[in-house]
Every structure is written in structure tokens, then in C-alpha cells.
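Observations on the model geometry
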Amino acid sequence: MSYQRLLMKKIIIAIDGHSACGKSSTAKVVAKKLGYMYIDSGAMYRATTYNFLQEGVDTKNPGQVDQALENTDIQFKIDGSGNSQVLLNGTFAEEFIRTMEVNQHVSEVSAISSVRRAMVSQQRQIGTEKGVVMDGRDIGSVVFPKAELKIFMTASLEVRAKRRQKELQEKGVFEELSDISSNLKSRDEADSTRADSPLVQAEDAIVVDTTHLTFNDQVDKIVKLAEQIIYDR
Ligand code: DC
């Protein structure tokens, strides 16, 4: 680690925004460039949803939800390439949590208050040492309301659906653009209107609309904003 890096102030960078606007891929590279830890909070809700589906949990039954939460252990581990990967009950879970089935249930599961309480408490624990880039829906508004840098990312629905389709195709999965688009739309709607910590733009968040930005531009923009705070520029 460079001397300059050792001396630099550690901050929390909260990146919130709509589904599929590039939050996770951007946050991951921003974290790498700053030597920070990247935490994908959506992966925590996805892993929980996957576990609930596996266990056939009735999400309307609080007793079953609490019991299932007790049996849901989520951890992050840095892989050989320096990327943080989510583990569900000790198993790498990435490949199970990005399916259309999980997409269709994750907003319902993440609207449950006891689920949110468990996730938020773990997320705050992870952030105690700072030096973290965390992306999600409520990171700047609820999890870290005092985060030094808050970004609200968005992009047009059409661009987001096309990007998501390309991402899935790269994994060998083909989904109709109209299905992806309607799933994104309904998740945005559900995430923004739920009673407990809905997706809102924190008052002090900086909006980054990626509709017309290249990936590198959006990364550079956020890294520059972070460096201004880290180095008191
Ligand atoms: O970021 P993502 O699309 O992988 O997130 C999946 C779902 O998880 C999203 O539709 C809403 C929920 N979520 C949430 O409620 N709060 C967060 N901090 C992150 C995700």
C-alpha cells in the first residue's frame, strides 16, 4: 500500500438508485480504484430472497420469516481477483441470486421490516471502519445518513433494460426486452413506494444520470468526487 494511501482519510460512499442503472458495476470499480471494500447490499436482499424461496417461506407469516432469517447467514468474501463475493450459508451464491425468479420476488422480501432490520444492522457493522463503497436503495438515506459522499444514480428505463439484457446475454441467458423492462418498472415502483425505507434520493445526494455516459465516465466522475473529499481538495 502506498504511503499516500495509508495517510488518506477513509470515507463511506453510498450509491443508491434505480434497478439496473449500473450501480453495482460502477461501485465495484470505484472501490477498486480507491482501494476500498465494495459491498453490494442488493446481493444481501437477493440471497435472502433465494433462501426464502428454497425454504418455501410464506412471506406473510412473520414467524416463518423470523425463523428463516435466523437460518440465513450472509457474508462477503474477497475472491482471487480482489472482488467481494456474497456467500449464503457458507456457499458462493452469485450464480443463484441473479435469476428472473429472484428478480420477481426480491422487492416483496425486501419490503419486510424484519428483513430490512437484519440487513441494515449487518451493513452498519461492515461500515464501522469506513473505506467502503456500498450500493443499494437506502444506503444514503437510512443505512449511512452521515456518509461523506452520496450518489443517486439513474438512467432511462429503455437504456437500463438494454444494458440488463446484454448483461444476461453475456451469461448465456436470453430474456425478452419487454419482460426485462416491465420487471425493472415494477421493481422501481415497489422499491419507491414501500412503507419501510423506500428508494428516495437523499437531500444531499449528487445525481449521476448515466443514460448518456460511458461506463468509464461514470466511474471517473464518482472517483473525482470522492478524491475531493478524501484529500480535502
Ligand atoms: O441492486 P439490486 O437490483 O441487485 O437489488 C435487488 C433488490 O433488492 C431491489 O429490487 C430492492 C432491494 N434492495 C433494497 O431494498 N435495499 C437495498 N439497499 C438494496 C436492494
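Look a little higher up for the structure.
Attention here is on the structure that accompanies the text.

What follows concerns the overall build of the protein chain. Per the secondary structure count, the protein chain includes 11 helices and 8 strands. Its C-alpha atoms give the protein chain principal-axis dimensions of roughly 50 × 35 × 35 Å. Put simply, the protein chain has 233 residues, and 49% of those count as buried. Contacts in the protein chain between residues at least 24 apart in sequence constitute 73% of all its contacts with a sequence separation of at least 6. Per element, the accessible surface of the protein chain, about 11,800 Å² overall, is 50% carbon and sulfur.

With that out of the way, let us pick up the sheet that holds strand E3 (residues 74-78). Two pairing modes exist for strands in a sheet, parallel and antiparallel, and in both the strands are linked by backbone hydrogen bonds. Spatial strand order, E3-E4-E5: 3 strands in an open sheet with antiparallel pairing. Two strands in the sheet have a free side with no partner beyond their single neighbour: E3 and strand E5 (91-92). Bridge analysis of strand E4 (residues 84-88) against E5 gives 2 bridges, and the strand direction is antiparallel. Following the sheet pairing, Leu88 is matched in E5 by Thr91.

For the rest of this paragraph, the subject is the sheet that holds strand E2 (residues 37-40). Read across the sheet, 5 strands follow the order E2-E6-E1-E7-E8 without closing on themselves; strand pairing throughout is parallel. The sheet is open, and its two borders are formed by E2 and strand E8 (206-209), each paired with just one other strand. Each strand of the sheet is rotated relative to its neighbour by a mean of 20°, with strand direction disregarded. Packing of helix H2 (residues 23-34) onto the sheet brings it into contact with strand E1 (12-17), E2, strand E6 (132-136) and strand E7 (149-154), and relative to E6 it is tilted by some 175°.

Taken together, 16 residues are adjacent to the ligand, and Arg46, Arg116, Asp138, Asp191 and Arg194 come closest. Between the ligand and Arg137, the relevant distance is 2.9 Å, taken from an oxygen atom to a side-chain nitrogen or oxygen of the residue. Across the complex, the protein chains shield 98% of the 450 Å² of accessible surface that the ligand would expose by itself. Only helix H3 (41-55), helix H6 (100-110) and helix H10 (177-193) provide two or more residues apiece to the shell around the ligand. Element by element, the count of residues in the shell around the ligand is highest for H3, at 4 residues. Classifying every residue of the shell around the ligand gives 3 nonpolar, 5 polar and 8 charged.

The next point concerns unusual backbone geometry. One non-glycine residue, Ala20, lies in the positive phi region at around 60°. Mapped onto the fold, Ala20 is located in the loop between E1 and H2.

Here we come to the environment of Gln169. Positionally, Gln169 belongs in helix H9 (residues 157-170). Among the residues examined, Gln169 registers a relative accessible area of 42% and is labelled partly exposed.

On to the pattern of salt bridges, then. Taken as a whole and assessed by the stated rule, the structure comprises 13 salt bridges. The salt bridge partner of Asp232 is Lys9, with a shortest N-O separation of 3.4 Å. On the criterion of sequence distance, the pair formed by Asp232 in the segment after helix H11 (215-230) and Lys9 in the loop between helix H1 (3-7) and E1 is long-range, its members being 223 residues apart. Glu167 is paired through a salt bridge with Arg164; the nearest N and O atoms lie 3.2 Å apart. You can see Glu167 and its partner Arg164 sitting in helix H9, 3 residues apart, about one turn around the helix. Note on Glu167: relative accessible area 37%, which makes it partly exposed. Among the residues examined, Arg164 registers a relative accessible area of 17% and is labelled buried. Connected through salt bridges with shared partners, the residues Asp40, Glu94 and Arg98 form a single ionic network.

Time to look at the pairing of E6. Within E6, 5 of the 5 residues are buried, which leaves it mostly tucked inside the rest of the structure. Alternating positions in E6 separate into two faces, Val132, Met134 and Gly136 on one and Val133 and Asp135 on the other, with burial throughout. Pairing geometry for E2 and E6, over 4 bridges, is parallel. Within E6, the residue paired with Asp40 across the bridge is Asp135.

Rules used in this analysis
- Residues numbered from 1 in each chain as written.
- Predicted model: local features only at pLDDT ≥ 70, side-chain atom pairs only at ≥ 80, totals over all residues.
- Heavy atoms only, no water.
- Helix = DSSP H or I, 4+ residues; strand = E, 2+ residues; numbered from the N terminus.
- Buried < 20%, exposed > 50% of the residue type's maximum accessible area, 1.4 Å probe, protein only.
- Contact = heavy atoms within 4.5 Å.
- Areas by Shrake-Rupley, 256 points an atom, 1.4 Å probe, with all protein chains shown as cover.
- Pairing = 2+ DSSP bridges.
- Axes fitted to C-alpha atoms, helices over the stretch in contact; angles between N-to-C directions.
- Near = heavy atom within 4 Å.
- Polar contact = N/O pair within 3.5 Å; in protein donor to acceptor, adjacent residues only side chain to side chain.
- Nonpolar A, V, L, I, M, F, W, Y, C, P; charged D, E, K, R; others polar.
- Salt bridge = Lys/Arg side-chain N within 4 Å of Asp/Glu carboxyl O.

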